Amino acid sequence: MFKVLPSSLLLKSSARIKRNILYKPIISFTSPTVVTPRFLSTTLPRLHGHLHKPKPGEELHCTFILKDGTQKKFTVAKGDTLLDIAQGHNLDMEGACGGSCACSTCHVIVDPEYYDLLPEPDDDENDMLDLAYGLTETSRLGCCIKMNKDIDGIRVALPQMTRNVQTSDF
Amino acid sequence: MKSISIIGSGPSGFYTAYHLLKKSPIPLNITLWEKFPVPFGLSRYGVAPDHPEVKNCEETFTQFANAYTIPSGSNNLMHKFQFIGNVQIDSEKLFKLRSIQDCVILSYGCNNDKKLGIPGENDTLGVVSSRQFVNWYNSYPENACATPEQWKGSDFWKNVKNVAIIGNGNVALDICRVLLTSNIKQYWQNTDINQASTEAIKHVSNVKIIGRRGYEQSKFTNKEFRELWELEKYGIKGNIDSKYLSNVDESKLDRAGTRRLEMVKEYMKPFDQRTKKNYKKFKPPSTFTKFWEFDYMKTPVKINKDARNNRISSITLAINKVNEMNKFVIDNSKPCIDYPIDFLITSLGYKGVNIDELGCQKHLNNIKFAGDHLATNREGQVLSSMDNKPIPGLFASGWIKTGSKGVIVSTMIDSFTVGDEVIKYLQCSATSNQQASIIDLQNTVLDSTNYKPTTWFDWLKLDAYEKKLGNPRRKIINIADMLKIIGK
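Residues numbered from 1 in each chain as written. Chains lettered and ligands numbered in written order. Predicted model: local features only at pLDDT ≥ 70, side-chain atom pairs only at ≥ 80, totals over all residues. Heavy atoms only, no water.

## Focus on the nonpolar core
Within soluble globular proteins, side chains that are nonpolar tend to cluster in buried spots.
All names here are of chain B.
No. 1: Counting 55 residues, the largest nonpolar core has Phe133 and Trp157 as its most contacted members.
No. 2: Here this core takes 7 residues from helix H7 (residues 170-181), the largest share from any one element.
No. 3: Those residues in contact with Phe133, other than ones at most four positions away along the chain, are Val128, Trp151, Trp157, Ile175, Leu179, Ile201, Phe343 and Ile345. (Core = buried A, V, L, I, M, F, W, Y, C linked by side-chain atoms within 4.5 Å. Buried < 20%, exposed > 50% of the residue type's maximum accessible area, 1.4 Å probe, protein only. Helix = DSSP H or I, 4+ residues; strand = E, 2+ residues; numbered from the N terminus. Contact = heavy atoms within 4.5 Å.)

Here it is as structure tokens:
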């Protein structure tokens, strides 16, 4: 389900150019064969979650692939960001800066099939992606991806954040 | 139930606590200790005031502290959390804490300076460390800040126009930005910067950022770099001499390096000749009034002063070269140069202090130290100076473990990783019978009446008070005043 790219292979030049040749098989987006049960405290307070209800007939969908390979599909409303959605459903996505594109804790890896449908990242987002752990060719920030009709069905994976992919300093 | 104490309530301490409360299957009783009555450490006192979005992590910390703090009583959460402020944990207190807690995590960060070690550094008026300077504009508690007071007065600053900063990490860039924008009212009006400081430094018009190595070894991140260039809209002009860029091997640059080089090349062009629209967002005014410049390949060797008033007059720098070993060393064939300056800020990074060196040291914890941070194993467990083995139940997270590097996301990930290891450790360790209540904890650790510990609710009171004073807040600078407002 998840193959983390070795840090030595992290992309060297800016976004789209070499993607199709080199970096496609970073993560397989096929359905997982094993679903690992996950500990969930029933008493965990919900810290975030300002999700909108989709209007009838205007429901959009998105799928998150969690670190253990589990897939979660949600019905969501137009305008909510992937960060809003992840936090609203208590997924492991931090959003330390409160969704203002000032950290890289909402880093997601977008299914290449959907990546080109997204508007290009701006300078602020790119500056933060520079610092993201386990960066890939289709990495984006969850706070900068707003749900709309064009990307209905988008699939994103949460990156592994471990010391293996940590650069020593920056 | 297992009991954990975390020392330090900055991002590393709070993120560690947060992760433990979120992830531990074992019920936990967590105590977060802080030397000031106020929490958040470097988020409150380190992050630049014009980066409020970086401080948003405080909101997450506040939400969960509110949810878990005893005695909210009505909560049915499996974990308990308490904040004890205004208590400095030293060697002795740590020793006692370890005897009554299942686990202690050191997250007290780095609060000392790395030094240049050159003549004049410590006894010249107008030479300060970046930590002292940042503390000043961020209203760090006064009586905790042992710095000569002369340079904080407005009289001192009347003739300060040329400033040099040694080191080029993000802290240096923050300071450069603060120095050059201090006279722009609208830039700072909705921040919590110490207004006495911006008022004082408003005459500064030239900043040189000096590095020992070359452009390619720059330590700052692109966000901070871009902010500096974008100041051109206020008539603040940046410069990097093209000779420092000529040797850059573009094929060896990583993603961030490629983007950084493009940024320099574009911003060095006149506005109308830039090729990309994102470098043409704001047209600068026709004349520039303030200037910053990066200066590379120099080693400071001597600080020169005016004998009459002991103030800095210039800095002597040696020219560096790259030797056979690929190291940057002084090139003795070239003469030193002198830069006349009115103020010098050394921004070489922060240095940790061994907690065993704090306090009366009757009982030492035999903590091993590794240069500027604690020695730990891969799991984040602190090593013993006696036998180099992990000390049972003693962990470290954040800068005191890693040294002072990395942005908040790296501190967060480190704290989460250590949190996971602590949970593993607690799952393997024997059942605990140490259910220290707050009273036990305070009686054991705070054995004299000289302490005025503060609670999370005290902080909420102070927080509301500060927010009433200004937008987003005016920080109370004096600890005695903080305690008065809290009512202790």
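## Here's the deal with the pairing of strand E11 (residues 298-306) of chain B
Residues and elements named next belong to chain B.
No. 1: In terms of strand pairing, E11 meets strand E12 (residues 311-322) through 8 bridges, oriented antiparallel. Following the sheet pairing, Pro300 is matched in E12 by Leu317.
No. 2: Linking E11 to E12, which pair antiparallel, is a turn of 4 residues; within it Asn310 sits at a positive phi near 65 degrees. (Pairing = 2+ DSSP bridges.)

## Some remarks on the UniProt feature "binding site: NADP(+)" (unreviewed entry) in chain B
All names here are of chain B.
No. 1: With numbering matched to this structure, UniProt assigns "binding site: NADP(+)" (unreviewed entry) to Asn168, Gly169, Asn170, Val171, Arg212, Arg213, Glu224 and Gly406.
No. 2: With respect to the helices and strands, Asn170 occurs in helix H7.
No. 3: The contact partners of Asn170, leaving out residues within four places of it in the chain, are Phe220, Thr221, Glu224 and Val407.
No. 4: Its place among the elements puts Gly406 in the loop between helix H12 (399-402) and helix H13 (408-428). (UniProt positions renumbered as here; feature names shortened; annotations may be inferred.)

## Section: the side chain of B:Ser12
No. 1: Turning to its location among the elements, B:Ser12 is positioned in helix H1 (residues 11-23).
No. 2: Apart from residues lying up to four places away in sequence, B:Ser12 is in contact with B:Ser107, B:Ser397, B:Gly398, B:Thr411 and B:Ser415.

## Some remarks on the sheet that holds strand E1 (residues 60-65) of chain A
The strands making up a sheet associate through hydrogen bonds between their backbones, and the pairing can be parallel or antiparallel.
All names here are of chain A.
No. 1: What the 5 strands build is an open sheet, ordered E2-E1-E5-E3-E4; its pairing is mixed. Looking along the sheet, the strands with just one partner apiece sit at the ends: strand E2 (71-76) and strand E4 (139-141). The mean inter-strand angle of the sheet, taken between neighbouring strand axes irrespective of direction, is 35 degrees.
No. 2: Of the pairings in the sheet, the one linking strand E3 (residues 107-110) to strand E5 (residues 154-157) comprises 2 bridges and is antiparallel in character. (Axes fitted to C-alpha atoms, helices over the stretch in contact; angles between N-to-C directions.)

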